[in-house]
Amino acid sequence: MVDLAYRSLADYKQAKQQASAQPEGFWEDIANQFEWHQKWNKALTFDFHKPEVKWFLGGKLNITENCLDRHVKTQPNRTAIIFEPNDPKETAQHISYKELHSRVCRVANMLKKNGAKKGDRICLYMPMVPELAVTVLACARIGAIHSVVFAGFSAAALAARINDADCIMLVTADGGFRGAKVTPLKDIADEALTHCKSINTSIVLKRTGQEVAWNDIDVWWHEALAEVDDLCPAEIMDSEDPLFILYTSGSTGKPKGMVHTCGGYMVYTAYSFQNVFQYEKGDIYWCTADIGWITGHSYILYGPLAVGATTVMFEGVPSYPGYDRFWEVCAKHKVNQFYTAPTAIRALQKHPVDLVSKHDLSSLKVLGSVGEPINAEAWHWYDDNVGKNNCPIVDTWWQTETGGILITSLAGITEQKPTYATLPMPGIQAVLLDNEGNELVCKNEGILAIKHPWPSIARTIWGDHERYKNVYFSAYPGYYFPGDGALRDAEGNYRITGRVDDVVIVSGHNLGTAPIENALNEHPNVVESAVVGFPHDIKGNALHAFVITKDAVYDNEALVTALRALVAKTIGPIAKPDRIQVVSGLPKTRSGKIMRRILRKLASGEFDQLGDVSTLLNPDVIENIKRNN
Ligand code: PRX
């Protein structure tokens, strides 16, 4: 195992100091602990105005040699992945580093044999099974750029992502198990592919055994795999070659394909994983995320594997077959570090606490939280019942765009503070800005921004560098702008207060309101719509859609059902609004801009806190909305 962690407060303080005094040397020291075919000739070039960021220039490597080959040399029989299936009656798999290496090489050869090569984009639309992890790594092995699409997305959303990246290959499965549900992945993929011209081959894994239609481009995984061996030298990549694309929602209808590159991403995910969770040799670490999201990429796969850890991969959901599944799995595999989302904690908190206490959780050392602010009640429930007040909780703030955790405490090393992500990691220069872009000092509240690049910052939006510039670098020139607000206490701890743009975090999922509005507007009776978030006790936020219809609505229930189905079909079930309200009009400024601030208040029931409505063109609509709420 590789050890990149500070194990004491003194080491941590020293690192912080070095990182601010010599940021490049600081990262070079960390990068030096990896295997490179050729070392870089320059650590960093950047210009946030352009914007352009490059790390470890001229360095040559393959991330899979760092995640696999080097551990095969030193710890071949250590378990790399523990696979816990959806159905607890199905046997868990323990995949050693040696076995994982062999499986990855074999699948890499399968991809090559079916026409994939360095630089090609391969879309993965798969359930949370080991073959997904293996395919991700196999793409990296041959230098193909993986684009994993969460298996809960609809055919339309999948097609949009395949087309945006011009993927030449799809890897999918007949179906996927999630709780009591079976998702017909192949059927959905087939529908998507009727809208995609770029895919030449679709490799289909058999998971559920359900009947599937068969097309010319389809190849069974097991048949294709039988034709290749497991010898596959790694493609040598440049530090700045793309490793993957991962889509995230934005303030316009089109998802943003965030591009991460090989060298910097590897260095940062490994470094942050080990420091934040204080992972030690032999520990069992479990992150409950899906590999379809960045958390799964960075902290189920790449970060843990890069340091030689044992990482649990779970196919199911927290409620199946009972609301104690998480705790049962923790006890079963003797999990040491457990990393989940506040929405899951809030959902489990509603159930009797003996569902937690009946399981032996004594192996737990560290708890983590990610994806949205964790409220005090959930934090304390997690601390009391899961951690037994004996496990530090790391509240980790980061994003798809940042590639790795930027603000957090380090378990047991730095101080935690409930509801605060706390301090920027060594090497991360966070600041608070006012609306004019001035840096705020001391205790304050404002807009969170980052002043200096870190190795795993996304380099661009696939095919749209201009949008990358506009979204992240234009509002506050010279800074990376993540889109979150924050407050800072006198000790410098940050508390993330939420999004300051039109993205709503629902159950930890980042949802742009614009694509949902576009979906609603597709309905023949919808003229215009506006979607905003409102506080929800389990999901954190839920969605409230205001719609203006063309014709009078006589059957409200039928319309609501149709609209929710339309959103599920266009984006996926996760984006379905909780509430849909037919209104006579939307509050607008004189220039025709919808006043979302007012809609947010109305959706939250804060009728007497609408704030300044003097610029409102049509105040009468507010009364109408209040009456029908
Ligand atoms: O608003 C922040 C919230 O999630 C956003 C990023 O979403 P996504 O790219 O999907 O990545 C989620 C997993 C890293 C952020 O802009 N967020 C994430 N973690 C936290 C958080 N908000 C508060 N506290 C957190 N720990």
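Residues numbered from 1 in each chain as written. Predicted model: local features only at pLDDT ≥ 70, side-chain atom pairs only at ≥ 80, totals over all residues. Heavy atoms only, no water.

Our next topic: the site of the ligand. Near the ligand, the surroundings consist of 18 residues, among which Asp395, Thr396, Thr400, Asp484 and Arg499 are the closest. Contact distances for the ligand include 3.3 Å between a nitrogen atom and a backbone N or O atom of Glu372. For the ligand, whose accessible area on its own is 540 Å², the fraction buried by protein is 95%. Sorting the residues of the shell around the ligand by element identifies α10 (294-307), β20 (393-396) and β26 (494-499) as the ones contributing at least two each. Looking at the shell around the ligand residue by residue, the classes come out as 7 nonpolar, 6 polar and 5 charged. (Near = heavy atom within 4 Å. Polar contact = N/O pair within 3.5 Å; in protein donor to acceptor, adjacent residues only side chain to side chain. Areas by Shrake-Rupley, 256 points an atom, 1.4 Å probe, with all protein chains shown as cover. Helix = DSSP H or I, 4+ residues; strand = E, 2+ residues; numbered from the N terminus. Nonpolar A, V, L, I, M, F, W, Y, C, P; charged D, E, K, R; others polar.)

Per the counting criterion, the structure on display carries 34 salt bridges. Here Arg325 and Glu84 are joined by a salt bridge, their closest N and O atoms 2.6 Å apart. Pair noted here: Arg325 is in helix α11 (residues 325-333) and Glu84 is in strand β4 (residues 79-84), with a separation of 241 residues, a long-range link. In terms of burial, Arg325 and Glu84 fall into one category: buried. (Salt bridge = Lys/Arg side-chain N within 4 Å of Asp/Glu carboxyl O. Buried < 20%, exposed > 50% of the residue type's maximum accessible area, 1.4 Å probe, protein only.)

Close contact between helix α3 (residues 63-74) and helix α5 (residues 130-142) brings their axes to 8 Å; oriented N to C, the two are set at 120°. Classified by the angle their axes make, α3 and α5 are oblique. Note on packing geometry: the crossing formed by α3 with α5 is left-handed. Here Ile63, Thr64, Glu65 and Asp69 of α3 come into contact with α5, specifically with Leu137, Ala140 and Arg141. Class assignment of the residues belonging to the contact of α3 with α5 gives a composition of 3 nonpolar, 1 polar and 3 charged. (Axes fitted to C-alpha atoms, helices over the stretch in contact; angles between N-to-C directions. Parallel < 35°, antiparallel > 145°, perpendicular 65-115°, else oblique. Left-handed = near helix turned anticlockwise from the far one by under 90°. Contact = heavy atoms within 4.5 Å.)

Turning to the packing of aromatic side chains, a few remarks are in order. For any pair of aromatic rings, the description rests on two quantities: the centre-to-centre distance and the angle between the ring planes. Scanning the model with the defined rule gives 42 aromatic pairs in all. Look at Phe273 and Phe277: their rings are 5.8 Å apart centre to centre, the planes differ by 40°, and that puts the pair in the tilted class. Residue Phe273 and its partner Phe277 are located together in helix α9 (residues 262-277), separated by 4 residues, close to a single helical turn. Among the aromatic side chains, those forming a connected cluster through ring pairs are Tyr6, Phe26, Trp27, Trp36, Trp40, Trp55, Phe56, Tyr268 and Tyr271. Above the ring of Phe153, the side-chain terminus of Arg161 is found at 4.3 Å from the ring centroid. Directly above the ring of Trp220 sits Lys206, whose terminal nitrogen or CZ lies 4.9 Å from the centroid. (Phe/Tyr/Trp six-rings, centres within 6.5 Å; stacked < 30°, edge-to-face > 60°. Lys NZ or Arg CZ within 6 Å of the ring centre and 35° of its normal.)

Let's shift gears to the domain arrangement of the protein. According to the domain assignment, the protein consists of domain 1 (96-235) and domain 2 (503-627). In this assembly, domain 1 packs against domain 2 so that about 440 Å² is buried in total across both faces, 59% of it on carbon and sulfur atoms. The salt bridge involving Glu191 is made with Lys569; its shortest N-O contact spans 3.9 Å. Here domain 1 is connected to domain 2 by 4 residue pairs in polar contact (both at pLDDT 80 or more). For the side of domain 1 that touches domain 2, the leading source of residues is helix α6 (residues 155-165), giving 3 residues. Here the side of domain 1 that touches domain 2 is composed, by residue class, of 4 nonpolar, 2 polar and 1 charged. (Domains from an automatic or database assignment. Buried area = accessible area lost by both parts, 1.4 Å probe.)

The next thing to look at is helix α7 (residues 185-193). Burial runs high along α7: 7 of the 9 residues are buried. What α7 keeps buried is the set Leu185, Lys186, Ile188, Ala189, Asp190, Ala192 and Leu193.

Right, let's get into the pairing of strand β16 (residues 284-287). Alternating residues of β16 divide into Ile284 and Trp286 and Tyr285 and Cys287, and every residue in both groups is buried. Pairing geometry for β16 and strand β17 (residues 310-314), over 3 bridges, is parallel. Bridge pairing links Ile284 to Thr310 in β17. Both β16 and strand β18 (residues 337-340) contribute to a ladder of 3 bridges, which runs parallel. Along β18, the bridge assignment pairs Tyr285 with Gln337. (Pairing = 2+ DSSP bridges.)

This paragraph deals with the packing of helix α2 (residues 23-31) against α9. Contact pair α2 / α9: the axes reach a minimum separation of 10 Å and the direction vectors enclose 85°. Regarding the angle of α2 to α9, the classification is roughly perpendicular. Across the interface between the two elements, Phe26, Trp27, Ile30 and Ala31 from α2 touch Val267, Tyr268 and Tyr271 from α9. Residues that form the contact of α2 with α9 fall into these classes: 7 nonpolar, no polar and no charged.

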